[in-house]
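Take a look at the letters that make up each chain.
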Amino acid sequence: MKKILIVAMITVFALGAKAQKFEGLADTPPMGWNSWNKFACDVTEDLIKETADAMVSSGMKDAGYEYIVIDDCWHGERDSLGFIQADPARFPSGIKALADYVHSKGLKFGIYSDAGWQTCGGRPGSRGREYQDAMTYASWGVDYLKYDWCNTEGLKAEGAYLTMRDALYEAGRPIVLSICEWGDNDPWDWAEPIGHLWRTTGDIYNCFDCEEDHGTWSSWGVLQIIDMHPGIRSAAGPGHWNDPDMMEVGNGMTVNEDRAHFALWAMQAAPLIAGNDIRNMSPETLEILTNKDVIAIDQDTLGVQGYKHIDEEDYEVWVKPLAGGDVAVCFLNRTEEAMDITFDWATNKLVDPDFGHTTDFAQSRYDIYNVWTHKKAGNTKKALKASLPGRDVLMLRLSKK
């Protein structure tokens, strides 16, 4: 196998193929599961197999989830020729066999590396080995690469990610490139031709409204993340998505908070990458993660990220234009206490500040569908009045009559 890879690498360099990113791999935001939020470095072959099984048996695959991604700490050492190996104790069958197992379930397989000399967990990074690693991933059957940004002293982000993009393309296997440099280098300004999604913030933390201070860096709650970088939605679209990080649904927040978290990610056209133990989910967690009406808003083919129509201290109204003239509207209560809301459709003309979509309720009437109750909820002729529980959402899909 190593001889074949070496020959393939020589052939690639000799042909001098024009490198680019693979198109058509993320026309809607990627959906899947990643090991980090729940398991961190405690990853094993059995965990990944059991998770793939659960994605199928739970109904998540049928709901649209397709990627099973191993995050950091799967790595062993590089061999005498520099090829990366899996940790033999954690992954005794090797990554190729594991990818084959995931594929046998009708799913796709993802892996993790880092642009630096070491990963964030101290395993071998891909710096200086980008083409060798890309060829290895292709030979293993990898479909998705999360590429981190630890231990990158002296590197420029755009150049480092461009190198891996070219390496993946020349390896010849279509692989989604998930850029994970935490938004530190404004990837929304340069990453569209390089990656399929890019992180916009530091790591998420399992809370709705908090900052977890690690000293030199912080992890962020759901509200903190959605408040960051409000002016970047115009950078997102089919094949190139803003990524507010993997989800924490099912990892300890309340049901209300999980529901709001999932709804807000859908309104942002965010990748829906679950981060909980899907082998052991409560019925409430499963119901949230597999809500096909909410997923349809996230996966809408128009590919427009939502925007804030109303932005008050405790109360927000988010709007997401959808294909065919539909529109999603999400009312968010940021506080812990319930609040009564009134929204007069006729006096709230919705004007997209970046893409020009306009919805004028004074001119046209829309039917209302509640995506959490899965029930019709009247139309826009009358003002909306509702009680909004603490840290929860009212999420509606509107269709022109």
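Whatever comes next refers back to the structure up there.
## Describing the nonpolar core
Logical step 1: Tyr65, Trp74, Phe262, Trp265 and Met395 are the most contacted members of the largest nonpolar core, which totals 89 residues.
Logical step 2: When sequence neighbours within four positions are dropped, the list of residues in contact with Met395 reads Ala263, Ala266, Met267, Val294, Ile297, Val329, Cys330, Tyr369, Asn370, Val371 and Trp372.
Logical step 3: One finds Val317, Val319, Val329 and Leu388 within the second-largest nonpolar core, a separate group that totals 21 residues.

## A short note on the pairing of strand E20 (residues 375-379)
Logical step 1: Bridge count for strand E19 (residues 366-370) against E20 is three bridges, and the pairing is antiparallel. Residue Asn370 lies in a different strand from E20, and its bridge partner there is Lys375.
Logical step 2: Between E19 and E20, which pair antiparallel and follow one another directly, the connecting turn spans four residues, one of which, His374, has a positive phi of 60°.

## What about unusual backbone geometry?
Logical step 1: One non-glycine residue, Ala40, adopts positive backbone phi at about 50°.
Logical step 2: By the element assignment, Ala40 lies in the loop between helix H2 (36-39) and helix H3 (45-57).
Logical step 3: According to the relative accessible area criterion, Ala40 is partly exposed, its value standing at 29%.
Logical step 4: Notably, Asp186 is not glycine yet its phi reads approximately 50°, a positive angle.

## Side note on empty space enclosed by the protein
Logical step 1: Throughout the structure, instances matching the rule amount to two cavities of 30 Å³ or more.
Logical step 2: There is about 110 Å³ of room inside the largest cavity.
Logical step 3: The wall of the largest cavity is formed by Asn34, Val69, Tyr144, Lys146, Ser178, Cys180, Arg199, Asp243, Asp245, Met246, Pro271 and Ile273.
Logical step 4: Broken down by class, the residue content of the lining of the largest cavity amounts to six nonpolar, two polar and four charged.
Logical step 5: There is about 40 Å³ of room inside the second largest cavity.
Logical step 6: Lining of the second largest cavity is provided by Gln20, Lys21, Phe22, Arg165, Leu168, Tyr169, Ile175, Leu177, Ile194 and His196.
Logical step 7: Here the lining of the second largest cavity takes three residues from helix H7 (residues 157-171), the largest share from any one element.

## Focus on H7
Logical step 1: With 15 residues, H7 ought to run about 21 Å at 1.5 Å a step, and its terminal C-alpha atoms sit 21 Å apart, in line with that.
Logical step 2: Here H7 has its buried residues at Ala157, Ala160, Tyr161, Met164, Arg165, Asp166, Ala167, Leu168, Glu170 and Ala171.
Logical step 3: Trailing H7 by a residue or two, Gly172 shows a phi angle of about 95°, which is positive.

## As for the packing of aromatic side chains
Logical step 1: A complete count under the given rule lists 13 aromatic pairs for this structure.
Logical step 2: Relative to Tyr366, the ring of Phe361 lies with its centre 5.4 Å away and its plane at 75°, an arrangement referred to as edge-to-face. An identical accessibility class is assigned to Phe361 and Tyr366; each is buried.
Logical step 3: Every member of this aromatic cluster is reached through a ring pair, and the members are Phe331, Phe343, Trp345, Phe361 and Tyr366.
Logical step 4: The ring of Trp372 has Arg259 lying over it, and the distance from NZ or CZ to the ring centre is 6.0 Å.

## A short note on the packing of H3 against helix H5 (residues 94-104)
Working note: a packed helix pair is described by the angle between its axes plus the distance between those axes.
Logical step 1: The contact between H3 and H5 brings their axes to 10 Å, and the two run at 10°. Relative to H5, the element H3 lies roughly parallel. Residue-level inspection shows Glu45, Ile48, Lys49, Ala52 and Asp53 of H3 in contact with H5, the latter providing Gly94, Leu98, Tyr101 and Val102.
Logical step 2: Looking at the contact of H3 with H5 residue by residue, the classes come out as five nonpolar, one polar and three charged.

## Looking at the packing of helix H6 (residues 130-140) against H7
Logical step 1: At a closest axis distance of 8 Å, the pairing of H6 and H7 adopts a crossing angle of 40°. As summarised for this structure, H6 and H7 are arranged oblique, according to the angle between their axes. In terms of crossing hand, the pair formed by H6 and H7 is right-handed. Counting all contacts with H6, which are made through Glu130, Tyr131, Ala134, Met135 and Ala138, the residues of H7 involved are Thr163, Met164, Asp166, Ala167, Leu168, Glu170 and Ala171.

## What about the side chain of Asp245?
Logical step 1: As for its position among the elements, Asp245 is in the loop between strand E11 (241-243) and helix H9 (255-267).
Logical step 2: We classify Asp245 as buried; its relative accessible area is 2%.
Logical step 3: Dropping the residues within four chain positions of it, Asp245 is found in contact with Arg199, Gly202, Asp203, Ile204 and Trp265.

## Comments concerning the side chain of Glu248
Logical step 1: Following the sequence through the fold, Glu248 ends up in the loop between E11 and H9.
Logical step 2: One buried charged residue, Glu248, forms no salt bridge at all, with the nearest opposite charge on Lys38 at 8.4 Å.
Logical step 3: Residue contacts for Glu248: discarding those within four places in its chain leaves Asn37, Ile204, Tyr205, Asn206, Met253, Asp258 and His261.

## Quick look at the state of the cysteines
Logical step 1: According to the stated counting rule, one finds three disulfides in the structure shown.
Logical step 2: Each sulfur in the disulfide pair Cys41 and Cys73 lies 1.7 Å from the other. With Cys41 in the loop between H2 and H3 and Cys73 in the loop between strand E2 (67-69) and strand E3 (75-78), this pair connects stretches of sequence that are 32 residues apart.
Logical step 3: For Cys120, the disulfide goes to Cys150, at an S-S distance of 2.0 Å. Between Cys120 and Cys150 the sulfur-sulfur dihedral comes to about 95°; the bridge is accordingly right-handed. Of this pair, Cys120 sits in the loop between strand E5 (108-114) and H6 while Cys150 sits in the loop between strand E6 (144-148) and H7, and the two are 30 residues apart along the sequence.
Logical step 4: Overall, Cys120 belongs to the partly exposed group, its relative accessible area being 40%.

## Some words on the layout of surface pockets
Empty space left among the atoms is revealed by rolling a probe the size of a water molecule over them.
Logical step 1: For the largest pocket, the calculated volume is near 560 Å³.
Logical step 2: What lines the largest pocket is a set of 30 residues, and nearest its centre among them are Trp182, Arg199, Gly202, Asp203 and Trp217.
Logical step 3: Elements supplying a minimum of two residues to the lining of the largest pocket: H2, E6 and strand E10 (218-220).
Logical step 4: Take the lining of the largest pocket: its biggest share by element is three residues, from E10.

Definitions and cut-offs
Residues numbered from 1 in each chain as written. Predicted model: local features only at pLDDT ≥ 70, side-chain atom pairs only at ≥ 80, totals over all residues. Heavy atoms only, no water. Core = buried A, V, L, I, M, F, W, Y, C linked by side-chain atoms within 4.5 Å. Buried < 20%, exposed > 50% of the residue type's maximum accessible area, 1.4 Å probe, protein only. Contact = heavy atoms within 4.5 Å. Pairing = 2+ DSSP bridges. Helix = DSSP H or I, 4+ residues; strand = E, 2+ residues; numbered from the N terminus. 1 Å grid on protein atoms, 1.4 Å probe; cavity = no way out; pocket = protein on both sides within 12 Å on 5 of 7 lines; lining within 4 Å. Points joined across faces, edges and corners; volume = space filled by probe spheres on them. Nonpolar A, V, L, I, M, F, W, Y, C, P; charged D, E, K, R; others polar. Expected span 1.5 Å × (residues − 1). Phe/Tyr/Trp six-rings, centres within 6.5 Å; stacked < 30°, edge-to-face > 60°. Lys NZ or Arg CZ within 6 Å of the ring centre and 35° of its normal. Axes fitted to C-alpha atoms, helices over the stretch in contact; angles between N-to-C directions. Parallel < 35°, antiparallel > 145°, perpendicular 65-115°, else oblique. Left-handed = near helix turned anticlockwise from the far one by under 90°. Lys, Arg positive; Asp, Glu negative; His and termini not counted. Salt bridge = Lys/Arg side-chain N within 4 Å of Asp/Glu carboxyl O. Disulfide = S-S within 2.5 Å.

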